[in-house]
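# What the coordinates show
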Amino acid sequence: MSELPPVRGQLLRGEILGPFTWFRVGGPAEVLFLPADESDLADFLTKISPAIPVTILGVGSNLIVRDGGIDGVVIRLAGRQFARVAPMDGARIRAGAGALDSMLAKGAAQAGLAGLEFFTGVPGTVGGALTMNAGCYGRETKDVLVEAQALTRTGERVTLANSDFGFTYRKNALPPGLIFLNATFAGTPDAPDAVLARMAEITARREASQPIREKTGGSTFKNPELASGERLSAWKLVDEAGMRGQRRGGAQVSEKHANFLINTGEASAADIEGLGEDVRAAVRVQSGVELEWEIKRVGRA
Ligand SMILES: Cc1cc2nc3c(=O)[nH]c(=O)nc-3n(C[C@H](O)[C@H](O)[C@H](O)COP(=O)(O)OP(=O)(O)OC[C@H]3O[C@@H](n4cnc5c(N)ncnc54)[C@H](O)[C@@H]3O)c2cc1C
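Since the model is a prediction, treat every value here as computed from it, not as a measurement.

### A short note on the sheet that holds strand β3 (residues 54-57)
Here we have four strands laid out as an open sheet, ordered β1-β2-β5-β3, and mixed in their pairing. The strands lining the two open edges of the sheet, one partner per strand, are β1 (10-13) and β3. Along the sheet, successive strands turn relative to each other by an average axial angle of 25°, direction set aside. Two elements, strand β2 (residues 29-34) and strand β5 (residues 70-76), share four bridges in a ladder whose sense is parallel. What sits directly across from Ala29, in β5, is Ile70.

### Let's talk about the site of the ligand
Taken together, 36 residues form the shell around the ligand, and within it Ile56, Ser61, Thr125, Gly135 and Arg206 come nearest. Between an oxygen atom of the ligand and a main-chain N or O atom of Gly58, the distance comes to 2.7 Å. Between the ligand and the protein, one listed contact pairs a nitrogen atom with a side-chain N or O atom of Thr131 at 3.3 Å. In the complex, the protein chains occlude 94% of the 970 Å² of accessible area that the ligand would expose alone. Tallying contributions element by element places helix α3 (residues 126-132) first for the shell around the ligand, with five residues. Split into classes, the residues belonging to the shell around the ligand amount to 18 nonpolar, 15 polar and three charged.

### Some details on the domain arrangement of the protein
Quite often, the size of an interface is put as the accessible area lost when its parts meet. By the assigned domains, the protein splits into domain 1 (10-76), domain 2 (82-207) and domain 3 (211-287). For domain 2 and domain 3, the distance between their C-alpha centres works out to 27 Å. At the junction of the two partners, domain 2 supplies five residues and domain 3 supplies six residues. For the pair domain 2 and domain 3, the summed buried area comes to about 560 Å², and 46% of that belongs to carbon and sulfur atoms. Its largest share of buried area at the contact with domain 3, domain 2 owes to Tyr169, Arg206 and Glu207, together 88% of the area lost on that side.

Calculation rules
Counting of residues starts from 1 at the beginning of each chain's written sequence and follows it residue by residue. Only residues with pLDDT of at least 70 get local features here, since the model is predicted, and only at 80 or more are side-chain atom pairs given and counted; chain-wide, interface and lining totals rely on the full set of residues. For the side-chain quantities, the full set of heavy atoms in the structure was used; hydrogens and water were omitted. A pair of strands counts as paired when DSSP detects no fewer than two bridges linking them. Note on conventions: DSSP H or I runs of at least 4 residues are helices, E runs of at least 2 residues are strands, and numbering of each starts at the N terminus. Simply put, an axis is a line fit to the C-alpha atoms, just over the touching stretch for a helix, and the angle between two N-to-C directions goes from 0 to 180 degrees. The criterion for a residue being near a molecule or strand is simple. One of its heavy atoms has to lie within 4 Å of it. The term polar contact refers here to a pair of N or O atoms within 3.5 Å; inside protein, the definition further demands a hydrogen-donor-capable atom paired with an acceptor-capable atom, and it admits residues adjacent in sequence only when both atoms are side-chain atoms. Per-residue and other accessible areas follow the Shrake-Rupley method at a 1.4 Å probe size, with only the shown protein chains counted as cover for residues. As a working rule, the residues Ala, Val, Leu, Ile, Met, Phe, Trp, Tyr, Cys and Pro are called nonpolar, Asp, Glu, Lys and Arg charged, and the rest polar, with Gly in that last group. Domain ranges listed in this record stem from an automatic or a database domain assignment. Contact criterion: two residues are considered in contact whenever any of their non-hydrogen atoms come within 4.5 Å of each other. Buried area: the accessible area, evaluated with a 1.4 Å probe, that two parts lose upon being put together, summed over both parts.

Right, here's the structure in full:
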């Protein structure tokens, strides 16, 4: 890659990305940029060639970075500058895009705001939640988001209302290339203890049903939608196809939750993605359903 402009944050060439993801797999970033703050990021985007591909990394809880790594610039909003969570007037709370969803949930509880408890069950960042319309137990990001601020690929700051996102199940309809900076959410007033108690219930429920201490990417496939609008459970289809516990190299379909893939130790990204394709093929044969990946796969094989 040609010369890059000077920055106040860090520019790292050839940094292996596996450690930045939950699966702990994946090759290097041609360049990894850790901006010092929003203006450092905006300046950088203004100055680099529009031909350079840019990829954003949250905490990699919904991501397979392929073994060949990622060309161009990978940006990660690390550090406190991007992770502030602050209550606002009118039963609202704002969080930086680099803040963990669990910190947002905790901040809302401390501010006496109900409605954001579900974020305690999503192990990603606010930026990842805006991208994925993350949710669980009947609530999604779209139910609580007021607005978000983002930078365009050329460094221009934009404000997006909830309706601009075009949210549907686990995605938004925004043009690609936006980098979320922060988001404002609305809750409803409640006693902090009551909110914290509901968060504890969510945590206990997840511990019991999901392999949340493994190297995983969460739900691998979206729950397929029938023509009637009803959704099938992906895990049931995987189970019916006999794929629970199946392996490829160091990758395995979780015994605990059949829609989770896990890295048992030495898996490559190719093992994990290949096992996912094995599952899709088995489900196609067994039930005729075409499973769609929920996990994003980026980079070169
Ligand atoms: C154990 C486990 C349980 C999970 N349970 C749930 C669940 O219940 N519900 C659910 O919805 N998900 C769940 N997930 C999946 C995952 O946590 C969510 O999709 C989460 O929103 C991803 O956030 P992230 O920061 O890890 O994003 P990443 O995985 O790093 O990236 C995901 C996408 O978001 C984009 N992105 C991230 N930050 C930004 C930004 N600032 N600007 C622009 N784009 C950005 C990336 O480019 C990528 O396209 C689970 C995952 C695990 C490992």
